[in-house]
Amino acid sequence: MSSLFISDLHLSAATPRTCERLIGWLESHAHVARDLWILGDLFEVWVGDDTIDDPLEREWLEPILRALRAFSAPPNACGPGKIRLIRGNRDFLLGARFAQSAAITMIDEPAEVTIGGVPTLLLHGDTLCTDDVAYQAFRQEVRTPQWNAAFLARPYAERRAIAAQMRDASRAAGATKAAAITDANPTEAQALLTQHGVRRMIHGHTHRPARHQYPQGERFVLTDWDFDVPLDEGCAIGATRGGGLWVQADGSVHQSI
Ligand SMILES: [Mn+2]
């Protein structure tokens, strides 16, 4: 039995093909997976667990929640906890009600685990992008319990409007940043491997799937999923692959669609 890793699906009402793809993928992989790790950005945006009550969002979200629950249900597994999720920078407000609705166990990052006999560090990956000083300052601000509580206390519609503004600002800022700035910093990655005493690291976030090798160990970057090409963003986004990383019981790693 394998452990599977996926990230950066960025699901929303605007990504019906990616939603459909994930549902099919979950159905076809449930019986071969010992566990599934979702390493952040399952959703394009998450302004709070009351998203589940929004009739418009429910339409695409309910089938996703159902497919996630089915992955962990008999005969695929004997109870919840088969799927573990680390929050990403887009969906860091995922909470307990979502976790229960999807039969998912939420895990704080970085998570030190042994996968296929190999000590492994799991994280979303945005913390590795230390060259993006402006982003790290923003992240520090919005990831405090105080910011979260104040934001979640606002009305749902207001939270959605703020999230849309933040996404537009982030896109505008991202357009002017050099590619190297928004990638993981290799020195930071190597320091983290040493600090945690692990030989392997798996993360997403950068949408630059790769296997990097260092003296300290290796770093796998997961691919994002996007089977919906937004008309206004061209084919660069549509060119990405989707799929998961498999770690077998013997510790070997395979990339799959
Ligand atoms: Mn991300």
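(A) Broad picture of the nonpolar core. Judged by nonpolar contacts, the single largest core of 43 residues is most densely connected at Leu-42 and Phe-98. With seven residues, the top contributor of residues to this core is helix α2 (residues 55-72). Discounting chain neighbours no more than four positions away, the residues touching Leu-42 are Leu-9, His-10, Leu-11, Leu-22, Leu-68, Leu-85, Asp-91 and Phe-98.

(B) Examining the sheet that holds strand β7 (residues 200-203) more closely. Taken together, five strands build an open sheet; the order of strands is β5-β6-β7-β9-β8 and the sheet is mixed. If you trace the sheet from one side to the other, it starts and ends with β5 (111-115) and β8 (210-213), each paired once. Along the sheet, successive strands turn relative to each other by an average axial angle of 25°, direction set aside. Lying on the sheet, helix α7 (residues 186-196) is in contact with β5, β6 (118-122), β7 and β9 (218-221); it crosses β7 at an angle near 125°.

(C) Just the environment of Gly-251, in detail. Secondary-structure assignment places Gly-251 in the loop between β10 (244-247) and β11 (253-256). It is 4.0 Å that separates the C-alpha atoms of Gly-251 and Gly-116, two residues lying 135 residues apart in sequence. For Gly-251, the residues in contact, after removing those within four places along its chain, are Gly-116, Val-118 and Arg-200.

(D) How the structure looks around the coordination of the manganese ion. Coordination of the manganese ion by the protein is provided by Asp-41 (OD), Asn-89 (OD1), His-124 (NE2) and His-205 (ND1), with metal-donor distances spanning 2.1 to 2.3 Å. In the primary structure, the donors to the manganese ion are separated according to the pattern D-x47-N-x34-H-x80-H. With Asp-41 in the loop between β2 (33-38) and α2 and His-205 in the loop between β7 and β8, this residue pair connects regions lying 164 residues apart in the sequence. Comparing Asp-41 with His-205 shows no difference in burial state: the two are buried.

Rules behind the numbers
Residues numbered from 1 in each chain as written. Predicted model: local features only at pLDDT ≥ 70, side-chain atom pairs only at ≥ 80, totals over all residues. Heavy atoms only, no water. Core = buried A, V, L, I, M, F, W, Y, C linked by side-chain atoms within 4.5 Å. Buried < 20%, exposed > 50% of the residue type's maximum accessible area, 1.4 Å probe, protein only. Helix = DSSP H or I, 4+ residues; strand = E, 2+ residues; numbered from the N terminus. Contact = heavy atoms within 4.5 Å. Pairing = 2+ DSSP bridges. Axes fitted to C-alpha atoms, helices over the stretch in contact; angles between N-to-C directions. Donors = N, O, S within 2.8 Å, 3.2 Å for Na, K, Ca; no water.

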